[in-house]
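Each chain, letter by letter, is given below.
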Amino acid sequence: MPSFPNEFLWGAATAAYQVEGAYLEDGKTLSVVDESIAPEYADTSIASDHYHRFEEDIRLMKELGLTAYRFSIAWTRILPDGRGKINQAGVDFYTQLIDELLKNKIEPIVTIYHFDLPVVLQEEYGGFSSRKIIPDFIEYCRVLFEQFGDRVKYWLTINEQSNMFLLPYLITFTEENEQSLLKQKYEMNHIMTLAHASAVKLCHQLLPDAKIGPAIGISPVYPKTCDPKDILAAEKAEELRNTFFLELYCKGNYLPAMQAYMREHDCQPTIEAGDMELIKEGRCDFLGLNYYDSKTVEHVTAYDRGKELVINKSGEVGSTEKEVIEGIYKGCNNPYLDRNDWDWEIDPEGLRITLNRIYQRYEVPLIITENGLGAVDTLTVDKQIHDEYRIDYLKKHLEQVHLAMVQDGIEVFGFCPWSFIDLISTTSGFRKRYGFVYVDRTDTEIKELIRYKKDSFYWYQGVIRRNRKGFEL
Ligand code: BGP
């Protein structure tokens with residue numbers, strides 16, 4: 001692997017509800033995601049027990065050679081009532097975590113919001129379906145900036161806003177009727193964009209040296225064939241799934257094609273005076289990209305009825321049912337790509353394509369905030385994990401990042417594979433693992449949660465070592 005710039009951030013990522021556990025400890029209250037994790041899998045009560053073992057985990061990060069660690073802060077640990085009284089125990093936990101990282105020369109990259117809205121706010125006013133969320137979100141951000149801003153340089157506002165509206169399980173909608181649900185989605189997306197922009201503005205005001213941006217869930221869209229009808233379907237899908245959000249974050253605009261779409265479908269959000277100015281003023285400093293796979297689509301005929309995506313949660317190959325967006329596109333398989341057991345298509349070149357599509361249009365610095373392979377891992381009797389499939393996945397993706405930097409002139413400043421350590425998959429519990437570090441537990445058996453280094457740990461350590469001058473074990 002050719003070399004990366006010396007200041008490149010070699011990271012790994014996690015999110016609070018997936019790794020911490022201690023979900024009702026030291027004053028924390030429940031978040032919507034604590035409640036929505038599929039009951040057939042492990043819940044978030046213990047997770048990987050990182051809350052109690054963060055020092056051991058940071059020792060492992062250090063051994064791995066990380067120079068950055070992306071994690072999220074649980075709103076419910078800091079403000080258990082969603083607003084108002086600050087929970088000192090929560091502040092203390094993240095203070096210790098950040099200080100320990102810095103002591104080990106690991107740059108903290110903090111996600112402010114990773115799906116985990118306080119339940120109290122969901123119940124009180126429907127969370128992001130009400131503008132009441134905006135002052136509460138700003139208050140939460142202010143607490144974080146004031147408490148941790150002297151030590152945290154990189155902030156991520158909202159994780160995967162796009163996926164929250166595109167996937168059927170990441171956000172709670174209160175409307176059920178098809179038309180009012182569609183309207184609510186675009187309304188909520190607008191409110192979330194205002195919350196994001198307010199956070200960016202506040203960060204720029206309070207922490208002029210910090211950098212802030214969103215972490216966007218992104219999959220490039222390809223046409224099934226060169227039939228112009230398929231090309232058009234793919235371009236429309238790309239607008240609907242990706243460019244719509246990118247345009248809001250990077251230019252502060254509603255994409256003309258999306259304005260037309262929302263008009264035609266009667267789902268325009270309520271845009272109040274000052275909203276678009278705020279969105280423009282809250283332009284991000286960089287984009288975080290969560291990249292796992294690409295999507296392929298074909299055109300639809302007059303007979304194709306709309307259909308929601310049914311995701312594969314079980315790891316039973318072929319159980320995904322792709323979505324049909326009436327009049328626009330339907331999802332299909334890409335015959336050129338392999339897929340994992342959850343039917344996610346493995347596409348390293350797709351990462352380079354994504355980096356190009358975004359950077360050549362917006363010229364904003366990029367960081368990979370998630371990339372990884374969910375798989376069933378086996379712990380051998382001699383406590384090893386031979387995850388050569390994960391090494392293969394990450395190696396090929398990293399090569400494409402490098403090519404994008406060297407051959408396409410793209411500014412990528414870091415790589416944070418998902419995930420540093422095994423944790424609860426959002427859709428599939430502990431069966432679907434992503435970590436460099438194995439956590440010895442299953443969905444049903446907690447065991448002792450002992451940590452074991454996987455083969456991918458040693459591979460990544462080697463990559464970092466070759467790229468970091470002066471890095472010694
Ligand atoms: C992203 C989320 C992560 C993580 C990852 C893998 O959407 O930001 O939180 O869960 O996807 O997804 P899953 O756990 O469903 O395999």
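The rules we used
Residues numbered from 1 in each chain as written. Predicted model: local features only at pLDDT ≥ 70, side-chain atom pairs only at ≥ 80, totals over all residues. Heavy atoms only, no water. Helix = DSSP H or I, 4+ residues; strand = E, 2+ residues; numbered from the N terminus. Rg over C-alpha atoms; globule rule 2.2 N^0.38 Å. Buried < 20%, exposed > 50% of the residue type's maximum accessible area, 1.4 Å probe, protein only. Contact = heavy atoms within 4.5 Å. Areas by Shrake-Rupley, 256 points an atom, 1.4 Å probe, with all protein chains shown as cover. Lys, Arg positive; Asp, Glu negative; His and termini not counted. Charge placed at Lys NZ, Arg CZ, Asp CG, Glu CD. Salt bridge = Lys/Arg side-chain N within 4 Å of Asp/Glu carboxyl O. Polar contact = N/O pair within 3.5 Å; in protein donor to acceptor, adjacent residues only side chain to side chain. UniProt positions renumbered as here; feature names shortened; annotations may be inferred. Phe/Tyr/Trp six-rings, centres within 6.5 Å; stacked < 30°, edge-to-face > 60°. Lys NZ or Arg CZ within 6 Å of the ring centre and 35° of its normal. Near = heavy atom within 4 Å. Nonpolar A, V, L, I, M, F, W, Y, C, P; charged D, E, K, R; others polar. Pairing = 2+ DSSP bridges. Axes fitted to C-alpha atoms, helices over the stretch in contact; angles between N-to-C directions.

Let's talk about the overall build of the protein chain
Here is step 1: In terms of helices and strands, the protein chain carries 15 helices and 16 strands.
Here is step 2: At 21 Å, the protein chain has a C-alpha radius of gyration in line with the 23 Å of a compact globule built from 473 residues.
Here is step 3: Burial status across the protein chain gives 60% buried among its 473 residues.
Here is step 4: For the protein chain, the share of sequence-separated contacts (at least 6 apart) that also reach a separation of at least 24 residues comes to 75%.
Here is step 5: Only carbon and sulfur atoms are counted for the fraction: they give 50% of the accessible area of the protein chain, which is about 18,900 Å².
Here is step 6: Charge-centre separation for the protein chain: the mean point of 53 positive side chains lies 3 Å from the mean point of 75 negative side chains.

Remarks on the pattern of salt bridges
Here is step 1: Enumeration over the complete set of coordinates arrives at 34 salt bridges.
Here is step 2: With a shortest N-O distance of 2.7 Å, Lys201 and Glu281 are connected by a salt bridge. On the criterion of sequence distance, the pair formed by Lys201 in helix H9 (residues 178-206) and Glu281 in helix H12 (residues 275-281) is long-range, its members being 80 residues apart.
Here is step 3: A relative accessible area of 45% means that Glu281 is categorised as partly exposed.

Structural notes on the side chain of Asn290
Here is step 1: Structurally, Asn290 can be placed in strand E7 (residues 287-291).
Here is step 2: Separated by 2.9 Å, the side chains of Asn290 and Asn159 make a polar contact.
Here is step 3: The contacts of Asn290, once residues within four sequence positions are left out, are Arg70, Asn159, Glu160, Ala215, Ile216, Gly217, Ile218, Thr369 and Glu370.

A look at unusual backbone geometry
Glycine aside, negative phi is the norm for most residues, and most peptide bonds take the trans geometry.
Here is step 1: With omega at 10°, the peptide bond leading from Trp418 into Ser419 counts as cis.
Here is step 2: Tracing the chain through its elements places Ser419 in the loop between strand E14 (412-415) and strand E15 (437-439).
Here is step 3: In the Ramachandran plot, Lys105 falls in the positive-phi region, its phi being about 60° despite a non-glycine side chain.
Here is step 4: Residue placement: Lys105 occurs in the loop between helix H5 (88-103) and strand E3 (107-113).

Description of the UniProt feature "active site" (unreviewed entry) in the protein chain
Here is step 1: Mapped onto the present numbering, the UniProt feature "active site" (unreviewed entry) falls at Glu370.
Here is step 2: Inspection of the secondary structure assignment puts Glu370 in strand E13 (residues 366-370).
Here is step 3: In contact with Glu370, other than residues within four places in its own chain, are Arg70, His114, Asn159, Glu160, Leu289, Asn290, Tyr291, Tyr292, Cys416 and Trp418.

Some thoughts on the packing of aromatic side chains
Here is step 1: Tallying each qualifying case throughout the model produces 31 aromatic pairs.
Here is step 2: Where Phe4 meets Phe8, the ring centres are 4.8 Å apart and the plane angle is 40°; that geometry is what we call tilted. You'll find Phe4 and Phe8 in the same group, each marked buried.
Here is step 3: Between Arg77 and the ring centre of Phe93, over which it is positioned, the NZ or CZ distance is 5.8 Å.
Here is step 4: The ring of Trp344 carries Lys432 above its face, with NZ or CZ at 3.8 Å from the centroid.

Details of the site of the ligand
Here is step 1: Taken together, 16 residues sit near the ligand, with Glu160, Thr426, Thr427, Lys432 and Tyr434 positioned nearest.
Here is step 2: One nitrogen or oxygen atom from the side chain of Asn159 is found 2.9 Å from an oxygen atom belonging to the ligand.
Here is step 3: Within the complex, the protein chains bury 96% of what would otherwise be the 380 Å² of accessible surface of the ligand.
Here is step 4: Taken together, the residues of the shell around the ligand break down into six nonpolar, seven polar and three charged.

Notes on the sheet that holds strand E6 (residues 221-223)
Here is step 1: Taken together, four strands build an open sheet; the order of strands is E6-E8-E10-E9 and the sheet is mixed. The sheet terminates laterally at E6 and strand E9 (324-325), the two strands that pair on one side only.
Here is step 2: Summarising the sheet, E6 and strand E8 (residues 295-298) pair through three bridges and their orientation is parallel. In the sheet register, Val221 faces E8, and the bridge partner there is Lys295.
Here is step 3: Along the sheet, helix H10 (residues 228-251) contacts E6, E8, E9 and strand E10 (329-332); its crossing angle with E6, the most-contacted strand, is approximately 170°.

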